[in-house]
Amino acid sequence: MRIAITRQVSPQIGQCELTHLERQVIDVELARRQHHQYEEALAALGCQVHCLPVEPDLPDSVFVEDTAVVLDEIAIITRLGADSRKPETTSIARALEPYRQLCTITAPGTVDGGDVLCLGKTIYVGLSSRSNQPAIDQMMAFLKPYRYTVKGVRVSGCLHLKSAVTQVADNTLLINPEWVEMGIFKDMHFLEVDPSEPYGANALLIGINLIYPSSYPRTQRRLEEHGLSVKTVDVSELIKAEGAVTCCSLVFKG
Ligand code: CIR
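Because the structure is predicted, anything quoted here is derived from the model rather than measured. (Residues numbered from 1 in each chain as written. Predicted model: local features only at pLDDT ≥ 70, side-chain atom pairs only at ≥ 80, totals over all residues. Heavy atoms only, no water.)

Peer 1: Honestly, the overall build of the protein in this entry has me stumped. Any pointers?
Peer 2: Assigned secondary structure in the protein consists of six helices and 15 strands. Its C-alpha atoms give the protein a radius of gyration of 17 Å, near enough to 18 Å, the size a compact globule of 254 residues would have. A burial count over the protein gives 54% of its 254 residues as buried. Carbon together with sulfur atoms contributes 48% to the accessible area of the protein, which is approximately 11000 Å² in total. In the protein, 24 side chains carry a positive charge and 31 a negative one; their mean positions are 5 Å apart. (Helix = DSSP H or I, 4+ residues; strand = E, 2+ residues; numbered from the N terminus. Rg over C-alpha atoms; globule rule 2.2 N^0.38 Å. Buried < 20%, exposed > 50% of the residue type's maximum accessible area, 1.4 Å probe, protein only. Areas by Shrake-Rupley, 256 points an atom, 1.4 Å probe, with all protein chains shown as cover. Lys, Arg positive; Asp, Glu negative; His and termini not counted. Charge placed at Lys NZ, Arg CZ, Asp CG, Glu CD.)

Peer 1: Looking at this structure, how should I read the sheet that holds strand E11 (residues 189-192)?
Peer 2: Backbone hydrogen bonds are what pair the strands of a sheet, in a parallel or an antiparallel way. The strand order across the open sheet built from three strands is E9-E10-E11, with neighbouring strands paired in mixed fashion. Looking at the sheet topology across the chains shown, the edges are occupied by strand E9 (165-169) and E11. Taken pair by pair, the neighbouring strands of this sheet meet at an average axis angle of 35°, ignoring direction. Bridge count for E9 against strand E10 (residues 172-175) is four bridges, and the pairing is antiparallel. Bridge assignment links Val165 to a residue of E10, and that residue is Ile175. With respect to the sheet, helix H5 (residues 217-225) is in contact with E9, E10 and E11, its orientation differing from that of E11 by roughly 145°. (Pairing = 2+ DSSP bridges. Axes fitted to C-alpha atoms, helices over the stretch in contact; angles between N-to-C directions. Contact = heavy atoms within 4.5 Å.)

Peer 1: Got a minute to help me understand the packing of aromatic side chains in this structure?
Peer 2: Aromatic ring pairs are described here by two measures, namely the spacing of the ring centres and the angle between the planes. Scanning the model with the defined rule gives four aromatic pairs in all. With 5.1 Å between their ring centres and 70° between their planes, Trp179 and Tyr199 make a pair best called edge-to-face. Separated by 20 residues along the polypeptide, Trp179 in the loop between E10 and E11 and Tyr199 in the loop between E11 and strand E12 (204-206) bring together distant segments of the chain. Note on Tyr199: relative accessible area 30%, which makes it partly exposed. (Phe/Tyr/Trp six-rings, centres within 6.5 Å; stacked < 30°, edge-to-face > 60°.)

Peer 1: For this particular structure, what's the right way to read unusual backbone geometry?
Peer 2: At the junction of Ala107 and Pro108, the peptide bond is cis and its omega measures out at 5° in the coordinates. When you line up the elements, Pro108 lands in the loop between strand E5 (101-104) and strand E6 (116-119). Even without a glycine there, the phi angle at Glu242 is positive, about 70°. Here Glu242 lies in the loop between helix H6 (236-239) and strand E15 (250-253). With a relative accessible area of 15%, Glu242 lands in the buried category.

Peer 1: Mind showing me how you'd approach the sheet that holds strand E14 (residues 229-233) here?
Peer 2: Spatially, the three strands line up as an open sheet ordered E12-E13-E14, and their pairing is mixed. Two strands lie at the open edges of the sheet, namely E12 and E14, each paired on one side alone. Along the sheet, successive strands turn relative to each other by an average axial angle of 30°, direction set aside. Pairing of E12 with strand E13 (residues 209-213), which is carried by three bridges, proceeds in the antiparallel orientation. Along E13, the bridge assignment pairs Leu205 with Leu210. Sheet contacts for helix H1 (residues 28-44): E12, E13 and E14; angle to E14, the most-contacted strand, approximately 155°.

Now the structure itself:
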């Protein structure tokens, strides 16, 4: 069984952190409806959705992906790169405790889950404005007993590694090659985003199905022409907060 942990949209989402985007007004009610449809898409793909209560004072708390890295063996509770987001992990640790043994990143390490791309036993971590080498060193130590390799990856032009690249099939990555170097990922095939849709590289793979934003129709067509099964969701309001589809859930084997 797959579990998906989500969290309701904060009424303060308009005060979210922004790095590469200009601030736009976010319609909170619309964001909530879109988030609910995203949860319905997860449920339709077989996930048991566990939605955590709203954190009214934490604007970015809907983006639960950033708070933890959940592997089959253990879960790592992150230490978020943005100070305003650091308190988000407390309730996530509580929610994950029944499922996994927990390890926690400590200062000076910082890492956002959006920077962590797990491909089998290799874990790529974006060296971004949010995630640093001390956190990578701690992850290596936590994961060595389970035979994972952890590799730092330079990203530029975007917030997180998974803004630039995500897995869309067993051996295929969807990538914006302007933001991350393809050569780093060994033995993988690549699908590139349409150049007019630089933010289109973030897809959420559930089994063999993708949850994908309806905002990037040209890249969507590329995915479908590649034979991939794509379920679109409208997450336009969450995109204004520099989020997309991987960031709104923590999906793992229950
Ligand atoms: C932030 O800047 O932290 C939030 N406004 C957006 C986080 C999106 N997270 C993700 O893609 N994993």
